[in-house]
Amino acid sequence: MDTHLKVGRVGEEKAIEMLIEKGYEIVEKNKKNDYGEIDIIVMDGKEVVFIEVRSRTGEKFGSPEETIRKRKKDKIKKNAQAYMSFKNLKNRYRVDVVCIVFNQNMDIKRMDHYKNITL
Amino acid sequence: MFKKVNSAAYSGLDSVGIEVEVNTTKKGLPGFNIVGLTSKAVDESEERVKTAISNSGIEFPRRKITINLAPADIPKEGSFYDLPIAVGILASVMNFEIPEKSLFFGELSLDGSLRHTKGALPLALFAKNNGFGNIFLPEDSANEAAVMEDLNVYPIKDLDQITAYLLGKKEIDSAVYRREKEEKESPEFDMEEILGQEQAKRAAEIAAAGGHNFFMMGAPGSGKTMIARAISGILPPLTESESLEVTEIYSISGNTGPGSGLIRKRPFRAPHHSISKVGLIGGGSKPMPGEVTLAHRGVLFLDEFNEFPRSALESMRQPLEDGQLTISRSKQRVKYPSEFMLVASSNPCPCGYMNHSEKECRCTPRQIFNYQKKISGPILDRIDLHVSVSAVDIEKLKKERRKEKGESSDKIRKRVEKAREIQEKRYMKEKIRTNAEMKNRHIKAYCNLPEKTEEILSKAASSFNLSARGYFKMIKVSRTIADLDGEDVIRPKHVAEALQYRAKTTEDKAF
């Protein structure tokens, strides 16, 4: 596996660990549909939370936050709507982003959880 | 956290207060948004502010930042919102208070230092008139603003300095106006360098004394351009209030250099004849001043007068008449002052040698007619002094070179200043300042014409076929000549001299 894909995979695993620790209930991982892929879907009480994980090694080439532009936001939103209607869910839902920065030894340098980014 | 920073934007020569509202929040994805009808230069402020803050050794906050430039319905232009935006962001993340009654203004450089920004003087005026006691602006622009008294002008070098000040760690000395930075530049030519051409030089003196518009026609190489350029040297220096007006115009049009102060020299503008209408009178979607406004209180010299596009010349009628002009565009209307002295020069015909003593003119009557009709009657009507400048005799020139020089500009200027003083006293209760601005009622009130003078005038009017306007123009010029003589009464000799400078019609010359 290429390094950058591995970083992404490890990042998702670490994010799930963190989310479980926070008390979220994991519903799906890497759920694919026509619009693309949702990294993680969890339940925060009664609220459905769609989570995009962004991982990077070092911040020399910019922060993971910067990699989410309007286009990606729109894509995640559409994806979420499609999932909600496909599953016929009536719950409230939101989109979160988890940004992880690793150092060279793949240790976590920082991990930030941004809630409701479409706010 | 929410912070509010005050700034101001100018539209024309007036300023409006702008509140820069900065909100930073940890909720939502980090980002940077500016709203409030911004233009490209304001949008690009994001990159400058971000880079300048990180280059000042402060980590750019990972928060959602929203900036609102209020009132939201006024279009925002220019790069001077950089400083208020940066200060707002820093205040909200480092949690310091922004001093009350303070204006912030300035463009940031990527390294965190502040650049010279245009419009410092109008901003200082706005601050003074609206009760803002402190203004923070780039070091290079501070001298311009420091002219205003009772105002604390803080010259800012870079973001570090202002952050330290606002955190209360370091003091900044408020700027004191430095007079030595004022623009001083001697005119290109002195009147004493111009040999011969006594009549034209005398006419230039009268024009300068009374603020009259002045038109020279003559063969190529006869010295028209030299005389015109020397005129700025015989005009009196700007008064304090005129100086402010001129500097304000130059400040918003970005014509003041870093660190400069008030402009004391009368403007001398000599645009090339390829100028467009907008270039001459001003305009653009955000109306900027044109040459007529940049020449305010000074000289606008149009060399090769009939080579100018007709549309440009015709658009000058209103500013010539009213001393100000209103530029209307869909988004805004702007009023600019344009009290200038028009000095124009042209050749009499396409080849340039009509009425020349030696050379023969090669033009056909048709060509001459077409050439001269390019300048419309209404424009010529607004010019009080017309002089034809004949070519200088080379033999005479040689002789004169050995002799002593002519009168120096300094000497002439002394006489001009005296004449202007007389006018200033006379028009103290009026809105006008010079003889050229007199309307008919002023002529009635201030031009004392004894019987003999009246007689000469009416004789001239009938024999030269003077129009009503031409008649009054004659009186105005006579008034100035009498002022130069220091006489209150207009004598026949004054009128006799004025008659030499009347407009000669095309028919007189060509046919």
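The preceding data block contains the structure.
As the structure is a computational prediction, the values presented were derived from the model and not from experiment.

Reading the values: the criteria
- Residues numbered from 1 in each chain as written.
- Chains lettered and ligands numbered in written order.
- Predicted model: local features only at pLDDT ≥ 70, side-chain atom pairs only at ≥ 80, totals over all residues.
- Heavy atoms only, no water.
- Phe/Tyr/Trp six-rings, centres within 6.5 Å; stacked < 30°, edge-to-face > 60°.
- Helix = DSSP H or I, 4+ residues; strand = E, 2+ residues; numbered from the N terminus.
- Buried < 20%, exposed > 50% of the residue type's maximum accessible area, 1.4 Å probe, protein only.
- Lys NZ or Arg CZ within 6 Å of the ring centre and 35° of its normal.
- Polar contact = N/O pair within 3.5 Å; in protein donor to acceptor, adjacent residues only side chain to side chain.
- Contact = heavy atoms within 4.5 Å.
- Pairing = 2+ DSSP bridges.
- Axes fitted to C-alpha atoms, helices over the stretch in contact; angles between N-to-C directions.
- Buried area = accessible area lost by both parts, 1.4 Å probe.
- Salt bridge = Lys/Arg side-chain N within 4 Å of Asp/Glu carboxyl O.
- Parallel < 35°, antiparallel > 145°, perpendicular 65-115°, else oblique.
- Left-handed = near helix turned anticlockwise from the far one by under 90°.
- Nonpolar A, V, L, I, M, F, W, Y, C, P; charged D, E, K, R; others polar.

**Describing the packing of aromatic side chains**
Summed over the entire model, instances satisfying the criterion amount to 15 aromatic pairs over all chains. Measuring from centroid to centroid gives 5.6 Å for Phe50(A) and Tyr83(A), while their planes differ by 85 degrees, and the two rings are edge-to-face. Here Phe50(A), found in strand β3 (residues 47-57), pairs with Tyr83(A), found in helix α2 (residues 70-86); they are 33 residues apart in sequence, far enough to count as distant. Residue Phe50(A) is classed as buried on the basis of its relative accessible area, which comes to 1%. When the ring of Phe80(B) is compared with that of Tyr81(B), the centres are 4.6 Å apart and the planes differ by 35 degrees; the resulting orientation is tilted. Here the two residues Phe80(B) and Tyr81(B) agree in accessibility, since each one is buried. Here the aromatic residues Tyr10(B), Phe80(B), Tyr81(B) and Phe105(B) are joined through ring pairs into a cluster of three or more. Of note, Lys101(B) hangs over the ring of Phe132(B), and the distance from its end group to the ring centre comes to 5.3 Å.

**Things to note about the side chain of Ser102(B)**
Residue and element names in this part refer to chain B. In this structure, Ser102 sits in strand β5 (residues 102-104). A distance of 3.1 Å separates the side chain of Ser102 from the backbone oxygen of Glu100, its partner in a polar contact. Within the local environment of Ser102, its side chain forms a polar contact with the side chain of Asn134, the two groups lying 3.2 Å apart. When sequence neighbours within four positions are dropped, the list of residues in contact with Ser102 reads Asn6, Phe132, Asn134 and Phe136.

**Overview of the sheet that holds β3(A)**
All names here are of chain A. Strand order in this open sheet of five strands is β1-β2-β3-β4-β5, and the pairing throughout is mixed. Both edges of this open sheet fall to β1 (25-33) and β5 (108-114), since each of them pairs with a single strand only. Neighbour-to-neighbour, the strand axes of this sheet turn through a mean angle of 25 degrees, independent of strand direction. In this structure, β1 lies alongside strand β2 (residues 36-44), joined through seven bridges in antiparallel fashion. Residue Lys32 lies in a different strand from β2, and its bridge partner there is Glu37. Contacting β1, β2, β3 and β4 (93-102), α2 crosses the sheet at an angle of about 145 degrees to β3.

**Concerning the interface of chain A and chain B**
The partner chain B presents six residues to the eleven residues of chain A that form the contact. Taken over both partners, the interface formed by chain A and chain B buries close to 700 Å², and the fraction arising from carbon and sulfur atoms is 64%. Here Asp112(A) ties to Arg62(B) by a salt bridge, and the two come within 3.2 Å at their closest N and O atoms.

**Re the packing of helix α19 (residues 451-463) of chain B against helix α20 (residues 468-485) of chain B**
Residues and elements named next belong to chain B. It is the contact of α19 with α20, at a shortest axis distance of 11 Å, that shows an interaxial angle of 140 degrees. Comparing their axes, α20 and α19 come out oblique. As α19 packs across α20, the resulting crossing turns out to be right-handed. Between α19, through Glu454, Leu457 and Ala461, and α20, the contact on the second element is made entirely by Tyr471, Met474 and Ile475. Tallied by class, residues from the contact of α19 with α20 come to five nonpolar, no polar and one charged.

Treat this as a map of the structure, not an account of what it does.
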